[in-house]
Amino acid sequence: MGKSAETLAVFAKVFFQMLSMSFQHLRRLWGRPRNQTRQRHRALEMLEPRQMLSAQPMITEIMASNRQTLEDGNGRSSDWIEIYNAGDQTADLTGWFLTDDPQTLNRWRLPEVRVEPEQYLLVFASAGSFPGAIDQDGLLHANFKLSSSGETLMLVKPDQTVAQKLEFPKQYRDVSYGFAMPNLDQVGFFTSASPGDANGELRSGVTQQEVTMATPSGSFTEPFLLELKAAEEGQIVYSLDGSVPGEDATPYVEPISISKSTQVRARLLQVDRVLGPTSTSNYVKLDAEVADFKSQLPIMVIDNFNAGRIPNRGWNQTNAKVKQLPRQSASLMLFDTDDSDARLRHAADLSSRIGIRVRGAFSTTFRENNYSVESWGDGDDSDAKISPLGIAADSDWVLYAPNPEHDQTLIDNAFLFELSNQMGNWAPEVRYVEAFVNTTGDEVTMDDYVGLYAITEKVKRAEDRISFDEFGLDGKSGGWLLGINRMDPIALDGSLPKNFHTAGPDGRLRTERDLSNSSSRGDDIPRQYNAYINYDDPTGQDINPQQRDAISAWFDTMESVLYERAEGVAWNDPLEGYAKYIDVDNFI
């Protein structure tokens, strides 16, 4: 080995021993392959084999295009099937089948499970593979998915006679379909999904027509009248407080007077139809001084329509007992420079609903906060991709305010990111803007000016960011993304953070998993007292035991080689040493 190669190898070894100062670690494996408080269904009840009694199990509700109605135990919005026991005896469904293939009646066999009288069983149609067909939260998973184009779903007895057949038409996002209990002669779409609960009101169809607003989202200085239109017959209903309009919302009868910053949301109500998609427009009022503001940089305006301070969870040295806060709904507008200065009087180049909260730990004490932003769709709070100022479209963003007390040039992060990109390695793209943040509901004034911000890509698994296959549920395919930082906060649903350390040079792991208020022991890594290895993808909420064990096993193997505990393998062997486990050029 030449002198330069030996120097590189020694540097890599030292660098690995300083792993606690790394930001992320990505592991790729062979194989192929997703905000708010999650909703989970209760775990199913297991039992000893027993004889089926006088019971009436039946499919009562399905969702074949689940986007955000319900999450399974792995944090995924899988299709789902609701089975209800309409009888007065316990239904033993052991050995029954669900199938969407008339030629394969035994496509998915239910495990040992029972449903008490007038109770429900939920099955996720995820096509997932789990031990016993049960995920980490005790929820059932069938080995097929439902088709949103429409198909036939069957509940089949153990002797493979069909107990029930449900033929359903084209399905729509987050709209469920089923029976108007107890009348099984009426089937249709529900105005509100109710997995694991009594079915709601039924409609024969779903409105698809959107409401259009004559004035596009943007800024204004003088009051104006807003006209709403729909290309089909029906009653337009709307709201001015940011809420999604329901059937009892204000009916549109004449143009709406807009005299202050307002978010207008509207839907079309048609006879015997589930309400149509929600259209949203944001209008931000400027005072005279701000209206004349111009910049050689693009201008960003964030307005939460008098929702008050943007949520800030706070911090401590380890983040122990810090609780995550929900995102606040707001509007983001961008005014680009084009061939001249950016001006707020011009039409907005981008307008989006967003979910926003303060980002960071110690940096939350800075005069100007950093923000974590999700771009949301018009209709709900689910992710919707945007492309701010030409950055590749995505839904997750960081709004970073350079602090001159720590970054006098205001370009430290952006400069290093650009160097990485020019070397052929991915790093976040950055666009600088001058920013206004208004939380009072009044006109945007110069008091809302917060200076220089950098719109930055969030580090995540995505085709245009860090591209790798999703980690397999069995931990045997795909990849994972980790972060070393303070421990993650307590999640919105109350679940505690998951984290871990590695055994380090001596190979003796002394630090237990999922620390909540302590630091590493011995020479376990990371050694810094307030550093923990957190799960980014899958997240700590979503990762299952098989995946966690696979990650830990990889570190055990890698460290045994790196610290020369592997028999017959030199740590700097170019084929079997540390280089086998990392991308050396990228890592260094």
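**Considering the overall build of the chain**
Item 1. Along the chain, the regular secondary structure elements total 5 helices and 37 strands.
Item 2. What you see for the chain is a C-alpha radius of gyration of 27 Å, in line with the 25 Å of a compact globule of 588 residues.
Item 3. Projected onto the principal axes, the alpha-carbon positions of the chain cover approximately 80 × 75 × 40 Å.
Item 4. By the burial criterion, 51% of the 588 residues in the chain qualify as buried.

**Re the pattern of salt bridges**
Item 1. One pass over the full model with this rule turns up 23 salt bridges.
Item 2. We note a salt bridge from lysine 460 to aspartate 396, for which the minimum N-O separation is 2.6 Å. With lysine 460 in the loop between β34 (449-457) and β35 (479-485) and aspartate 396 in strand β32 (residues 396-400), the pair connects residues that are 64 residues apart, well separated along the chain. Across the pair, exposure class does not vary: lysine 460 and aspartate 396 are buried alike.
Item 3. Where salt bridges share partners, they join Asp394, Asp396, Glu457, Lys460 and Arg465 into one cluster.

**Considering a nonpolar patch on the surface**
Item 1. On the surface, Ile411, Phe415, Leu416, Leu419 and Met423 cluster together to form a nonpolar patch covering roughly 510 Å² of accessible area.
Item 2. Along the chain, the position of leucine 416 falls in helix α3 (residues 412-422).
Item 3. Leucine 416 gets classed as exposed once you look at its relative accessible area, which sits at 53%.

**Let's talk about the pairing of strand β31 (residues 370-376)**
Item 1. Most of β31 sits out of view: 7 of its 7 residues are buried.
Item 2. Alternating positions in β31 separate into two faces, Asn370, Ser372, Glu374 and Trp376 on one and Tyr371, Val373 and Ser375 on the other, with burial throughout.
Item 3. The pairing of strand β30 (residues 350-359) with β31 spans 7 bridges and is antiparallel. Bridged to valine 358 within β31 is tyrosine 371.
Item 4. Note that β31 and β32 share 4 bridges and pair antiparallel. For valine 373, the partnering residue across the bridge sits in β32 and is tryptophan 397.

**Side note on the environment of glutamate 429**
Item 1. In this fold, glutamate 429 is placed in the loop between α3 and β33 (430-438).
Item 2. Accessibility expressed as a relative area gives 31% for glutamate 429, which makes it partly exposed.
Item 3. Glutamate 429 sits 112 residues away from glutamine 541 along the chain, and the two C-alpha atoms are 28 Å apart.
Item 4. Ignoring anything within four residues of it in the chain, the contact list for glutamate 429 reads Ile391, Ala392, Ile455, Thr456 and Glu457.
Item 5. A distance of 3.1 Å separates a polar atom in the side chain of glutamate 429 from a polar atom in the side chain of arginine 431.

**Things to note about the sheet that holds strand β25 (residues 279-285)**
Item 1. The sheet built from 5 strands is open, its strands ordered β17-β25-β23-β20-β21 with mixed pairing. Only two strands of the sheet have a single partner each, and these edge strands are β17 (218-220) and β21 (250-251).
Item 2. The pairing of strand β20 (residues 235-239) with strand β23 (residues 262-269) spans 5 bridges and is classified as antiparallel. Its bridge partner being in β23, valine 237 is matched across the sheet by arginine 267.

**Some words on empty space enclosed by the protein**
A water-sized probe rolled over the atoms picks out the places where empty space is left.
Item 1. If you add up the space inside the largest cavity, you get close to 50 Å³.
Item 2. Lining of the largest cavity is provided by Leu332, Val373, Ile386, Pro388, Trp397, Leu399 and Ile455.
Item 3. A breakdown of the residues in the lining of the largest cavity according to their chemical character gives 7 nonpolar, no polar and no charged.

**A look at the sheet that holds strand β8 (residues 120-125)**
Item 1. Strand order in the open sheet formed by 7 strands is β9-β8-β3-β2-β12-β13-β14, with mixed pairing between adjacent strands. The outermost strands of the open sheet, each flanked by one partner alone, are β9 (140-142) and β14 (202-203).
Item 2. Strand direction decides the pairing type here: strand β12 (residues 177-180) and strand β13 (residues 183-190), joined by 4 bridges, are antiparallel. Across the sheet, residue glycine 178 finds its bridge partner in β13, namely glycine 188.

**A short note on the pairing of β20**
Item 1. Burial analysis of β20 places 4 of its 5 residues in the buried class, the great majority of the element.
Item 2. As paired elements, β20 and β21 share 2 bridges and run antiparallel to each other. In the strand pairing of β21, tyrosine 238 is matched with threonine 250.

**Topic: the packing of aromatic side chains**
Item 1. For the structure shown, the criterion picks out 19 aromatic pairs.
Item 2. Ring geometry for tyrosine 84 and tyrosine 120: centres 4.8 Å apart, planes at 35°, overall tilted. Taken together, the positions of tyrosine 84 in strand β3 (residues 79-85) and tyrosine 120 in strand β8 put the pair 36 residues apart, joining distant regions of the chain. Across the pair, exposure class does not vary: tyrosine 84 and tyrosine 120 are buried alike.
Item 3. On the numbers, 5.6 Å between centres and 75° between planes, the contact of tryptophan 480 with tryptophan 554 is edge-to-face. Note that tryptophan 480 is positioned in strand β35 and tryptophan 554 in helix α4 (residues 545-562), a separation of 74 residues in sequence. For the residue pair tryptophan 480 and tryptophan 554, the accessibility class agrees, reading buried in each case.
Item 4. Lying across the ring of tryptophan 397, arginine 465 places its NZ or CZ 4.7 Å from the centre.

**Observations regarding unusual backbone geometry**
Item 1. In this structure, proline 526 follows isoleucine 525 across a cis peptide bond, with omega equal to 0°.
Item 2. Along the chain, proline 526 turns up in the loop between β36 (499-500) and β37 (532-537).
Item 3. Here aspartate 537 and proline 538 are connected by a cis peptide whose omega angle stands at 0°.
Item 4. Mapped onto the elements, proline 538 comes out in the loop between β37 and α4.
Item 5. In this model, glutamine 160 sits at a positive phi of 65°, which is unusual for a non-glycine residue.
Item 6. With respect to the helices and strands, the residue glutamine 160 is situated in the loop between β10 (151-156) and β11 (162-168).

The rules behind the values
- Residues numbered from 1 in each chain as written.
- Predicted model: local features only at pLDDT ≥ 70, side-chain atom pairs only at ≥ 80, totals over all residues.
- Heavy atoms only, no water.
- Helix = DSSP H or I, 4+ residues; strand = E, 2+ residues; numbered from the N terminus.
- Rg over C-alpha atoms; globule rule 2.2 N^0.38 Å.
- Buried < 20%, exposed > 50% of the residue type's maximum accessible area, 1.4 Å probe, protein only.
- Salt bridge = Lys/Arg side-chain N within 4 Å of Asp/Glu carboxyl O.
- Patch = residues over 30% accessible without salt bridge, like charges linked within 9 Å, V, L, I, M, F, W, Y side chains within 5 Å.
- Areas by Shrake-Rupley, 256 points an atom, 1.4 Å probe, with all protein chains shown as cover.
- Pairing = 2+ DSSP bridges.
- Contact = heavy atoms within 4.5 Å.
- Polar contact = N/O pair within 3.5 Å; in protein donor to acceptor, adjacent residues only side chain to side chain.
- 1 Å grid on protein atoms, 1.4 Å probe; cavity = no way out; pocket = protein on both sides within 12 Å on 5 of 7 lines; lining within 4 Å.
- Points joined across faces, edges and corners; volume = space filled by probe spheres on them.
- Nonpolar A, V, L, I, M, F, W, Y, C, P; charged D, E, K, R; others polar.
- Phe/Tyr/Trp six-rings, centres within 6.5 Å; stacked < 30°, edge-to-face > 60°.
- Lys NZ or Arg CZ within 6 Å of the ring centre and 35° of its normal.

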